[in-house]
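Single-letter residue listing:
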4 protein chains.
Amino acid sequence: MPSAAFTAVPTLKSVKKIQFANTEDKQEFTKYPTKAGRRSLSRSISQSSTDSYSSAASYTDSSDDETSPRDKAQVNTHGSSDFCVKNIKQAEFGRREIEIAEQDMSALISLRKRAQGEKPLAGAKIVGCTHITAQTAVLIETLVALGAQCRWTACNIYSTQNEVAAALAETGVPVFAWKGESEDDFWWCIDRCVNTEGWQANMILDDGGDLTHWVYKKYPSVFKKVRGIVEESVTGVHRLYQLSKAGKLCVPAMNVNDSVTKQKFDNLYCCRESILDGLKRTTDIMFGGKQVVVCGYGEVGKGCCTALKALGAIVCITEIDPICALQACMDGFRVVKLSEVIRQMDVVITCTGNKNVVTREQLDRMKNGCIVCNMGHSNTEIDVASLRSPELTWERVRSQVDHIIWPDGKRVVLLAEGRLLNLSCSTVPTFVLSITATTQALALIELFNAPEGRYKQDVYLLPKKMGKSCLHRNCSLTLNDDKNEQFMKIPFMFCLSMALRFY
Amino acid sequence: MPSAAFTAVPTLKSVKKIQFANTEDKQEFTKYPTKAGRRSLSRSISQSSTDSYSSAASYTDSSDDETSPRDKAQVNTHGSSDFCVKNIKQAEFGRREIEIAEQDMSALISLRKRAQGEKPLAGAKIVGCTHITAQTAVLIETLVALGAQCRWTACNIYSTQNEVAAALAETGVPVFAWKGESEDDFWWCIDRCVNTEGWQANMILDDGGDLTHWVYKKYPSVFKKVRGIVEESVTGVHRLYQLSKAGKLCVPAMNVNDSVTKQKFDNLYCCRESILDGLKRTTDIMFGGKQVVVCGYGEVGKGCCTALKALGAIVCITEIDPICALQACMDGFRVVKLSEVIRQMDVVITCTGNKNVVTREQLDRMKNGCIVCNMGHSNTEIDVASLRSPELTWERVRSQVDHIIWPDGKRVVLLAEGRLLNLSCSTVPTFVLSITATTQALALIELFNAPEGRYKQDVYLLPKKMGKSCLHRNCSLTLNDDKNEQFMKIPFMFCLSMALRFY
Amino acid sequence: MPSAAFTAVPTLKSVKKIQFANTEDKQEFTKYPTKAGRRSLSRSISQSSTDSYSSAASYTDSSDDETSPRDKAQVNTHGSSDFCVKNIKQAEFGRREIEIAEQDMSALISLRKRAQGEKPLAGAKIVGCTHITAQTAVLIETLVALGAQCRWTACNIYSTQNEVAAALAETGVPVFAWKGESEDDFWWCIDRCVNTEGWQANMILDDGGDLTHWVYKKYPSVFKKVRGIVEESVTGVHRLYQLSKAGKLCVPAMNVNDSVTKQKFDNLYCCRESILDGLKRTTDIMFGGKQVVVCGYGEVGKGCCTALKALGAIVCITEIDPICALQACMDGFRVVKLSEVIRQMDVVITCTGNKNVVTREQLDRMKNGCIVCNMGHSNTEIDVASLRSPELTWERVRSQVDHIIWPDGKRVVLLAEGRLLNLSCSTVPTFVLSITATTQALALIELFNAPEGRYKQDVYLLPKKMGKSCLHRNCSLTLNDDKNEQFMKIPFMFCLSMALRFY
Amino acid sequence: MPSAAFTAVPTLKSVKKIQFANTEDKQEFTKYPTKAGRRSLSRSISQSSTDSYSSAASYTDSSDDETSPRDKAQVNTHGSSDFCVKNIKQAEFGRREIEIAEQDMSALISLRKRAQGEKPLAGAKIVGCTHITAQTAVLIETLVALGAQCRWTACNIYSTQNEVAAALAETGVPVFAWKGESEDDFWWCIDRCVNTEGWQANMILDDGGDLTHWVYKKYPSVFKKVRGIVEESVTGVHRLYQLSKAGKLCVPAMNVNDSVTKQKFDNLYCCRESILDGLKRTTDIMFGGKQVVVCGYGEVGKGCCTALKALGAIVCITEIDPICALQACMDGFRVVKLSEVIRQMDVVITCTGNKNVVTREQLDRMKNGCIVCNMGHSNTEIDVASLRSPELTWERVRSQVDHIIWPDGKRVVLLAEGRLLNLSCSTVPTFVLSITATTQALALIELFNAPEGRYKQDVYLLPKKMGKSCLHRNCSLTLNDDKNEQFMKIPFMFCLSMALRFY
């Protein structure tokens, strides 16, 4: 029983319609009791990949329909009812969103075109559990174009774009997802994906590990046919490594989360843009001439500093690692102690990954109007808890923007209550999601086509050079000169190049 | 009769409650007949200053109250009913908006503090006509703090933030303005401002020239007591110069529009931020790695290029002026012909001030997904008219975002229908408005306090060194060293320094 | 007698071989007595244009030949002896230097090619007085290629590259110049240029005004045939304006010094490079991480700051003009008082144009090893005089580098004794000189070909659009699009474009 | 016999005064016969660390003294003659150079001060073999200040600054080195360092492995007392790893070459400055507006591109690794094929580490005046060999600058004959050398003080956290906040911080 690896999974108090395989499972699933009902859900975004979530935020579901999708009978125009979405009639709107997304996902589109004759995923039966957004839809439809059959569900109860789910269902992809699922709904959807008559998955694409968990718990026999798992999130990858360490991983798994492209994109390049976007959308601040302190000069901090400096902010850094401090210094930033400069700052940004980097005492010393926000990895970099005390008044002035008012009238502007600004207050560009989605598609192709024995029951990073089992024909991309043709004639390189629009 | 200078003023078909002084006026006012009713209004934002407009866009008036403010009887908590706003009860919300704005308008706040004892505007009776936003409210309340009495109205029928108007009215400033005025309302409000018993304006603060126009038409005798006009907009300033040329300007006027700070801010520094903001909010595009062509390398183009380059876009320039082309080249941008590069571009931005810089033929050659937008001075830089033809399909995908679809399925993404992106799709930072508002306040102080004869009946730029008639006492700001004390001991310098938060 | 305008000219105590036209002249010429002999010469570089001087610095004249060129009989390979240079045998070396220079002066080369059939300077007899460097040689040979006859002399007694003078003389251009002329030599050379049998100049190209001065004094009748003067330097232009004001300017003059290209190049673009070059060559300093204060944020300061910031220096600014301070702030630099930061700085750079910007008291407070240098317009921005006091020790550690040692052992590193770093310690790129030289050539073409009456006896700036009298044929350069063809079909634009290598 | 590891060592044809331990050694030493005499020496700079070499280039030994130092009898002012330098009388000049260097080596100076009471190297007898420059002298004198006895020799026959060697000898450090040693001299000097009566080294500081080699060959018994080797160069480290692999390394060794600070400094930060410096000193090129292609976007390429872009060059990249290409793209550079752009380029720079990145065919297609240079790791990135063919003319125009002239007159400007530009044509800042020297000092301290058994007979990287055996007392540096005090209270961190001048 590989349950040990999953102890971190938030579980359900009561799961009505699902029968667990045995008592032990049930025990574990009730280890973290939560109050029943929708509001008690504590599924954190941090468990699944966070890329695609926030972009969903801009879509609102104006429907007043309170009927649960599970209670509705819906049929798409092809007569199929093998799906469960909010409203199949929203398909057209969703289709347009997908088409918009396609425009900045050229790598996937290229992959579709190149593989049309070859169908490297012919025979693949993929069960997927991800955020359901326009960008994921482009991925799913690419997998279908490459020959795969797909069934899909959501990895987060809030992040589904209903219209997109409808559009997928309309074209025949069995999708089970809607925005605002209950926890019971959540597991029911996963179960419907996996447990269907006459169809058994041989590939798993997961984001957060819940689908994998469910299959382990409920349908362990499925793994007999599964050729591999592709996992996207930090949490899911962590679980897979635990399983592997415990000797309980029974199929090869591909760790997409730690691929170099994802790391660079999620941190340096993405934050370079989202810090500006997040601050602007919430505060309309002018960057030019503003005094900014960035705590931490890792990849995230580097991204933030580059952007703010370029727009005329006067940026200084706090950093405890001397190598990073050295880099900050050589990049032209003053390295300071936070307490030395806190009084002068217009904006304070944390990107350290540490706890209580900004303390109550420092918040007390900030000047009136100072903006405080967090771009780091946790929600505790700013000691927000210390601000929830009687002498301070909180005033919600806009969505994601609170004024904390001191007795003397001083206001500190706190964004997203100290949670990640880039997830809460800005969108993730489709192009970034495209990089990840392409990597996922390639990982699926690689695992599905790999000769027996190449991958053991272990967790792998995507090989920099993938086998020639697919797409090997006539890629002639040579970026530098003809001598390196061979090196470049491989699909991973090819697709990255696509992503870069070198063609 | 100074009517000649005003021939460019859009006028009303029917003005019921206002009686013109004579027939000639009436004739002129009906020269540009418009259809009756609200939707036919053509008051263009371009006539008044455009700074403050767009930031109003983020506020929505959710009130369903259809009663005209003119038909309501409202009283503030002090018992006064000398105002006309949408709903006096919204004052509290508006007050908070004003307080938020104060945080990035430190120059005005400093001015308030410094002048508290002195009251350089004691005795001033200012009638004002501007956008009514939180930022203007900070200006108005600063004028009051400096000793002035103010009456205020809106320079644009759409740009009033009702809550802010309510907050001003609540504190006792007679405000006549609401969002969605009819043209009749518009002039009625102006009239109520000017024409009140027992109070006669001796200063005018205008934005667009409509207030000035009205006084010229209806109450020319007011000018006997008026010490000066401060005008903010291109259009208004243009009219003043025409009046002056025609010998019909009867008081001194201060041209705030052409002050160097305003020029730099409205163009270089503002566009540097708003190009990113506008593109991001409308398209969620990732800037890194995108091929961008910027047409025109004036101040606006320089701002756009600086920002986009800094965020990793690959920027090239088209420019016909060789000096500007030289600068582009020396700044590291490829100078190209638009037709040479149009096929490769991901984004096309116009900032030339010319017509049809992007032609239909070039639009035809753009690649799928290309984004086209305008940051220049007119609405005709992109030949949008040519896109309204039967073979092309327009699809509105978001607010301010249209897909133009070619018969072969190619989509071009057109922002704001070719109108100014920075006005339509991004906000103007409070800090920028603060610079302008401070300049307006100083211009009022200067004109009101100037010894007789210093200013003739002409249009002036704010003197770089203002007289010591006010605020002259103990400013000890010396940025560089003590030798220049004298130079710096002047309020204009002081206030700009305030704006920069040097203290 | 237009002598009044020339009172600022340093003059000679004794001029043996030259006979003045009248007594009055003589009087003026002896107004500023100097000691006889070579070392007493006070001809300041600041009087002539300074562009080309320093690049000459890298060439050393290893010749030990002490014989005065005036006493040598030299003949070139074509049998001509109408020249006076150090050593005609150095022609080959000089030719190579000219060829190297040609490679970065494409605008002139293009001008040569375009005008080959047309010869717009056919009939022009140009007498020139400039620095004699490889770059000037390219200009002279271009003028010859365009049809002109030229006679040339040096505007500075030290700046001649002997080898280049030899190369010019070898190809038949009568050159009278060598490195290390005496004052007597200086005027003798000018005289030999102007005063030659059977040849009378009809155009003057001057740099510093000495040639013009000489013609006014000695050969006023020459002006009857001269169609115009082209003047390059601040000093020379100043004199021309004085003449014009006094009604004594008897031919049209073109002010090349104030052309926009020259201003931008001499300041912003040039200093952006020369600050790095000058600091590196003298001190080998690493820029990354260094604390730098730049005094003054005009064009020169902007150039310095841009470069240093880009290389990782941490730059702050002192500035007394609030508009410039505003720009510094918006560009992301801390605006400070010098005395506040002086203790922390690694490098102090002056670019203000003011006196004693860095005082002795501030020098006293600098830290050990602080580098101090001047990029501004005068030699007095740093109070170097105050350092010449007994308690301080001066130690010359390298060329242009002095250590000033305080009693406690602290050393301050003073560059070029406070003179202009960019002139003393770095070279001026050929490309920059190319811009100026092209402008000079175009000014000559314009003045020589202008229809009678277009230019009066006044000082002109080069018209942005020049007449079509020359080079008008088939320039089809249109940078932006075809609609502006007409605007671009003019040679000035064309040549600038050439300079930019748009082709 | 650990000789196998040293087969790559260039050896001598004839070594007169040195007796090898056995025949095998001799055989190996004569494996690579070279012609006798000075000019035949082929000791490549690439074998020892290259940091300090080029800065020595700026010093010239004007002495005409042809007597070999080995034949001179010299005594310093303290009566000691245990040294061998060119001229002990040059000590004063050398002392000043050392003092200049001290000014940018604050980390070492701090180390001196902190350790004065403690003497962490008391008892250490260090034999060193490095470039002998002012910067090394600061290191040596720091080691002495920390309690060590030192004997020193040069790792390169050309790189010794004679004056500095004299200054060291004058203060009592036995130095055996001069500029222009013969190979025989070279080994003689090493031998004199190691083999001295009454003194036996217990630490080795080597740069290139020759000293280590010599001890292995001649005095293997010395290793009984040696506590460790600190090695700086790629070559030396390579040899140590070979020894270790072969089981022949008999003491712990510290690999300084691969410390993160050295890597970042030698590549990114250093090249960012040296590309500008090297191009400027050799060609006086103006960077603004120049078309530049940089081949390779690793750390070196990133440094070059950053600097050139910042100065207004228009930079594009060739890159075959898609991850690096992705980075280039996201950083705003066009990624191109070299052959596509070669015709337009003004400058071509290689930084790939590959062979023949620039081929003859591409050289043939370059435009007139194109500058070609190499910043990469080998001398073969540009196919210079192909240029040594009869139809092309080579012209040496300046030191390190050749014009290659094609039959049609086209010139290509080749720098440093394709060798490393940064070593040949620019200096290495003292600050960079300071980082390395500090690391060396810390490695010596660590190895000398480590408890027995901590380090085995293996090659180590400097631990990020060093033991508290020294300097542990009162370092209170906390860059960020007090919580991390413990982490920062270690000397390595401390010294790096010193290097950064955080204090």
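Residues numbered from 1 in each chain as written. Chains lettered and ligands numbered in written order. Predicted model: local features only at pLDDT ≥ 70, side-chain atom pairs only at ≥ 80, totals over all residues. Heavy atoms only, no water.

The name given to chain A in an unreviewed UniProt entry is Adenosylhomocysteinase-like 1, and the organism recorded there is Lates calcarifer. One UniProt comment on chain A, placed under Sequence similarities (unreviewed entry), says "Belongs to the adenosylhomocysteinase family." (UniProt positions renumbered as here; feature names shortened; annotations may be inferred.)

A. The packing of aromatic side chains, seen in detail. All names here are of chain A. Evaluation of the coordinates by the stated rule reveals 24 aromatic pairs over all chains. Aromatic side chains Tyr455 and Tyr460 sit 4.8 Å apart centroid to centroid with 80 degrees between the ring planes, which places their arrangement in the edge-to-face category. Owing to a relative accessible area of 13%, Tyr455 belongs among the buried residues under this scheme. Site record: aromatic cluster; members linked through ring pairs are Phe186, Trp187 and Trp214. Here the basic side chain of Arg388 rests over the ring of Trp394, its NZ or CZ set 4.2 Å away from the ring centre. (Phe/Tyr/Trp six-rings, centres within 6.5 Å; stacked < 30°, edge-to-face > 60°. Buried < 20%, exposed > 50% of the residue type's maximum accessible area, 1.4 Å probe, protein only. Lys NZ or Arg CZ within 6 Å of the ring centre and 35° of its normal.)

B. Local environment of the UniProt feature "domain: S-adenosyl-L-homocysteine hydrolase NAD binding" (unreviewed entry) in chain A. The sites that carry the UniProt feature "domain: S-adenosyl-L-homocysteine hydrolase NAD binding" (unreviewed entry) are, in the present numbering, residues 267–428 of chain A. Each end of residues 267–428 of chain A is marked by a C-alpha atom, and these two atoms are 12 Å apart; helix forms 32% of the span and strand 22%. (Helix = DSSP H or I, 4+ residues; strand = E, 2+ residues; numbered from the N terminus.)

C. Local environment of the pattern of salt bridges. What the rule picks out here adds up to 92 salt bridges over all chains. As a salt-bridge pair, A:Glu417 and A:Arg396 come within 3.1 Å of each other at their nearest N and O atoms. With A:Glu417 in the loop between strand S14 (411–415) and helix H15 (421–424) and A:Arg396 in strand S12 (residues 393–398), the pair connects residues that are 21 residues apart, well separated along the chain. Between B:Glu417 and B:Arg419 there is a salt bridge, with the nearest N and O atoms lying 3.9 Å from each other. The class for B:Arg419 is partly exposed, based on a relative accessible area of 32%. Each of the salt bridges in this network shares a partner with another, and the network as a whole consists of A:Arg388, A:Arg396, A:Asp402, A:Glu417 and A:Arg419. (Salt bridge = Lys/Arg side-chain N within 4 Å of Asp/Glu carboxyl O.)

D. Highlighting the domain arrangement of chain A. When cut into domains, chain A gives domain 1 (69–262 + 428–467) and domain 2 (267–425). Computed from C-alpha coordinates alone, the two centres of domain 1 of chain A and domain 2 of chain A are separated by 36 Å. (Domains from an automatic or database assignment.)

E. Broad picture of the packing of helix H5 (residues 134–145) of chain C against helix H16 (residues 430–449) of chain C. Residue and element names in this part refer to chain C. The N-to-C vectors of H5 and H16 enclose an angle of 30 degrees; their axes lie 10 Å apart at closest approach. The orientation of H5 relative to H16 falls into the category roughly parallel. Regarding H5 and H16, the two cross each other, and that crossing is right-handed. On H16, the residues touching Gln135, Leu139 and Leu143 of H5 are Thr430, Leu433, Ala437, Gln440, Ala441 and Leu444. Within the contact of H5 with H16, the residues separate by chemical class into six nonpolar, three polar and no charged. (Axes fitted to C-alpha atoms, helices over the stretch in contact; angles between N-to-C directions. Parallel < 35°, antiparallel > 145°, perpendicular 65-115°, else oblique. Left-handed = near helix turned anticlockwise from the far one by under 90°. Contact = heavy atoms within 4.5 Å. Nonpolar A, V, L, I, M, F, W, Y, C, P; charged D, E, K, R; others polar.)

F. Up close: the side chain of D:Arg112. All names here are of chain D. As for its placement among the helices and strands, Arg112 is situated in helix H4 (residues 106–114). Looking at Arg112, the relative accessible area reads 15%, which means it is buried. Within the structure, the side chain of Arg112 is placed 3.2 Å from the backbone oxygen of Val138, a separation counted as a polar contact. Setting aside its immediate chain neighbours within four residues, Arg112 contacts Glu102, Val138, Glu141, Thr142, Ala145 and Leu146. (Polar contact = N/O pair within 3.5 Å; in protein donor to acceptor, adjacent residues only side chain to side chain.)

G. The arrangement of the sheet that holds strand S15 (residues 459–461) of chain B in detail. Residues and elements named next belong to chain B. Across the sheet, seven strands lie side by side as S3-S2-S1-S4-S5-S6-S15; this open sheet has parallel pairing. The sheet terminates laterally at strand S3 (175–176) and S15, the two strands that pair on one side only. Note that strand S6 (residues 253–255) and S15 share three bridges and pair parallel. Counterpart to Met254 in the pairing with S15 is Tyr460. Sitting on the sheet, helix H9 (residues 234–245) touches strand S5 (228–231), S6 and S15, and the angle it makes with S5 is about 140 degrees. (Pairing = 2+ DSSP bridges.)

H. Broad picture of the sheet that holds strand S12 (residues 393–398) of chain C. The eight strands are arranged S9-S8-S7-S10-S11-S14-S13-S12 (chain C) in an open sheet whose pairing can be described as mixed. Because the sheet does not close on itself, it has two edges, and the strands there are strand S9 (334–335) and S12 of chain C.

I. Representation of the interface of chain B and chain D within the structure. If you look at the interface, chain B gives 15 residues, while chain D gives 15 residues. Taking both partners together, chain B and chain D bury about 1000 Å²; carbon and sulfur atoms supply 66% of that area. The largest contributions to the chain B side of the interface with chain D come from B:Ile314, B:Met330 and B:Arg334, which together make up 45% of the buried area. One can count zero salt bridges joining chain B with chain D. Our count for the contact surface shared by chain B and chain D stands at four residue pairs in polar contact (both at pLDDT 80 or more). (Buried area = accessible area lost by both parts, 1.4 Å probe.)

J. Looking closely at the environment of D:Val293. Tracing the sequence through the fold places D:Val293 in strand S7 (residues 291–295). On a C-alpha basis, the gap between D:Val293 and D:Ile317 in space is 5.6 Å, while along the polypeptide they are 24 residues apart.

K. Structural context of the relation of the copies chain B and chain D. With an RMSD of 0.1 Å, the fit of chain B onto chain D corresponds to turning through 180 degrees and sliding 0.0 Å along the axis. Considering both components of the superposition, the chain copies are consistent with a two-fold axis. A high fraction, 100%, of the interface residues of chain B reappear at the interface in chain D, so the copies pair face to face through one surface. (Least-squares fit on C-alpha atoms with pLDDT ≥ 70 in both.)

L. Structural view of H5(C). Residue and element names in this part refer to chain C. Over its twelve residues, H5 extends 16 Å from the first C-alpha to the last, a length consistent with the 16 Å expected when each residue adds 1.5 Å. Counting buried residues in H5 gives ten out of twelve residues, a clear majority hidden from the surface. Within H5, the full set of buried residues consists of Ala134, Gln135, Thr136, Ala137, Val138, Leu139, Ile140, Glu141, Thr142 and Leu143. Among the residues trailing H5, Gly147 stands out with phi positive, at a value near 115 degrees. (Expected span 1.5 Å × (residues − 1).)

M. Seen up close, the pairing of strand S1 (residues 125–130) of chain C. Residues and elements named next belong to chain C. Burial runs high along S1: five of the six residues are buried. Here S1 runs beside strand S2 (residues 149–154); their pairing, made up of six bridges, is parallel. Pairing of Thr130 across the sheet is with Ala154, part of S2. Taken together, S1, H5 and S2 constitute a β-α-β crossover, and its handedness is right-handed. Note that S1 and strand S4 (residues 203–206) share four bridges and pair parallel. Across the sheet, the residue bridging to Ile126 is Met203, located in S4. (Right-handed = clockwise from strand over helix to strand, strands pointing away.)

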